[in-house]
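# Analysis of the macromolecular model
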Amino acid sequence: MTDAAPGKVYLVGSGPGDPDLLTVKAKRLLEEADVVLHDKLPGPEIIGMIPEEKREDVGKRAGGEWTPQEYTNARLVELAEEGNTVVRLKGGDPTVFGRGGEELAHLVENDIPVEVVPGITSAIAGPEAAGIPVTHRDYTSSVSFVTGHEDPTKDESAVDWDALAATGGTLVVLMGVGKLPQYTEALREAGMDPDTPVALVERATWPDQQVATGTLDSIVSVRDEAGIEPPAITVIGEVAGERERVVEFLEGY
């Protein structure tokens, strides 16, 4: 490390993928940054806004290429110590299942100035883009956000599906397409009605957004027939049935 003061790192949420849903601050920081470290989830349109010479791909994709988190942490520190203004660009919001908390702690431990710039989380925007409100006073006044892709090094799951089934509220599962059979079965075994509406929203707000709907009992077959793949969001609860009521007049995506 040199004697010069370090640069600054911004942990920036890019929203669900539509460039129009970037915050004003996020857009400005992308323009001002010396280097942008991005994952896969911001989407091709947003990534394409960043000059190629100042962007680095540190993304992760289930079953495919990936960058170790340890490398990303170290790279953020290295770039900041060189005096750069660095944007760490993430899909959705940086701290909603985005490892923003881990990166924040690592930067602070290494005396790097850092700022968190919130983004529109896909956990809410994804369902909305499909015509599904995550809360609705006719059905539920609570919503739970769950990851379907936990740290594989953990000895056991931290997700209590029995407790979630008992809430009676909306469940939004991020990064859960691959494990859909496991957790839908767990919810049925916990007593959730097999006829509970379920929706899958793939690439929410992207030009190729795709939505598939079914029930807790049928959604795995629906997923397979529709070819739903990551990145996608699962919405479980009565609100998921609202899409059929509004889809005819729903515009935007």
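As recorded in an unreviewed UniProt entry, the protein chain goes by the name uroporphyrinogen-III C-methyltransferase, listed as coming from Haloarcula taiwanensis. Reading the Sequence similarities (unreviewed entry) entry of the UniProt record for the protein chain gives the comment "Belongs to the precorrin methyltransferase family."

### A word on a negative patch on the surface
Side chains of Asp160, Asp162, Glu185 and Glu189 sit close together on the surface and give a patch of like negative charge. As for its placement among the helices and strands, glutamate 189 is situated in helix H7 (residues 180-189).

### Let's talk about a nonpolar patch on the surface
Residues Phe97, Ile124, Phe145 and Met175 make up a contiguous nonpolar surface patch of about 310 Å² in total accessible area. Within the secondary structure, phenylalanine 97 sits in the loop between strand S4 (85-90) and helix H4 (100-109).

### As for the domain arrangement of the protein chain
One can read the domain layout of the protein chain as domain 1 (8-117) and domain 2 (122-249). Residue-level contacts link 13 residues of domain 1 with twelve residues of domain 2. A combined buried area of about 1000 Å² lies between domain 1 and domain 2, and 73% of that area is made up of carbon and sulfur atoms. Inspection of the domain 1/domain 2 interface yields zero salt bridges. Run the count over domain 1 and domain 2 and you get two residue pairs in polar contact (both at pLDDT 80 or more). Grouping the amino acids of the side of domain 1 that touches domain 2 by side-chain chemistry returns six nonpolar, three polar and four charged.

### Considerations on the packing of H7 against helix H8 (residues 219-226)
Direction vectors running N to C along H7 and H8 enclose 160°, while the axes themselves pass 9 Å from each other. Compared by their axis directions, H7 and H8 come out roughly antiparallel. The element H7 and its partner H8 pack so that their crossing is right-handed. Taking contact as the criterion, the partners of Leu180, Pro181 and Thr184 in H7 are, on H8, Ile219, Val220 and Arg223. Residues belonging to the contact of H7 with H8 are distributed by class as follows: four nonpolar, one polar and one charged.

### Concerning the environment of proline 113
Secondary-structure assignment places proline 113 in the loop between H4 and strand S5 (114-117). For the pair proline 113 and proline 6, spaced 107 residues apart in sequence, the C-alpha separation works out to 7.6 Å. Apart from residues no more than four positions distant in its own chain, proline 113 is found in contact with Pro6, Gly7, Lys8 and Val9.

### Let's talk about the sheet that holds S5
Spatially, five strands are ordered S3-S2-S4-S1-S5 in an open sheet, and the strand pairing comes out parallel. Pairing within the sheet leaves two strands with one partner each, and these edge strands are strand S3 (55-57) and S5. Within this sheet the neighbouring strands show an average axis-to-axis angle of 20°, counted without direction. Across the face of the sheet, helix H1 (residues 24-32) comes into contact with strand S1 (8-13), strand S2 (35-38), S4 and S5 while running at roughly 135° to S1. Contacts from H4 reach S1, S4 and S5, with the element oriented near 170° to S1.

### Quick word on unusual backbone geometry
Following proline 230, the chain continues to proline 231 via a peptide bond in cis, the omega torsion being 0°. Here proline 231 shows up in the loop between H8 and strand S10 (232-236). Despite not being glycine, arginine 99 shows a phi value in the positive range, around 65°. Topologically, arginine 99 is positioned in the loop between S4 and H4. Positive phi, normally seen in glycine, also occurs at arginine 203, with a value near 50°.

Reading guide: rules and limits
Residues numbered from 1 in each chain as written. Predicted model: local features only at pLDDT ≥ 70, side-chain atom pairs only at ≥ 80, totals over all residues. Heavy atoms only, no water. UniProt positions renumbered as here; feature names shortened; annotations may be inferred. Patch = residues over 30% accessible without salt bridge, like charges linked within 9 Å, V, L, I, M, F, W, Y side chains within 5 Å. Areas by Shrake-Rupley, 256 points an atom, 1.4 Å probe, with all protein chains shown as cover. Salt bridge = Lys/Arg side-chain N within 4 Å of Asp/Glu carboxyl O. Lys, Arg positive; Asp, Glu negative; His and termini not counted. Charge placed at Lys NZ, Arg CZ, Asp CG, Glu CD. Helix = DSSP H or I, 4+ residues; strand = E, 2+ residues; numbered from the N terminus. Domains from an automatic or database assignment. Contact = heavy atoms within 4.5 Å. Buried area = accessible area lost by both parts, 1.4 Å probe. Polar contact = N/O pair within 3.5 Å; in protein donor to acceptor, adjacent residues only side chain to side chain. Nonpolar A, V, L, I, M, F, W, Y, C, P; charged D, E, K, R; others polar. Axes fitted to C-alpha atoms, helices over the stretch in contact; angles between N-to-C directions. Parallel < 35°, antiparallel > 145°, perpendicular 65-115°, else oblique. Left-handed = near helix turned anticlockwise from the far one by under 90°. Pairing = 2+ DSSP bridges.

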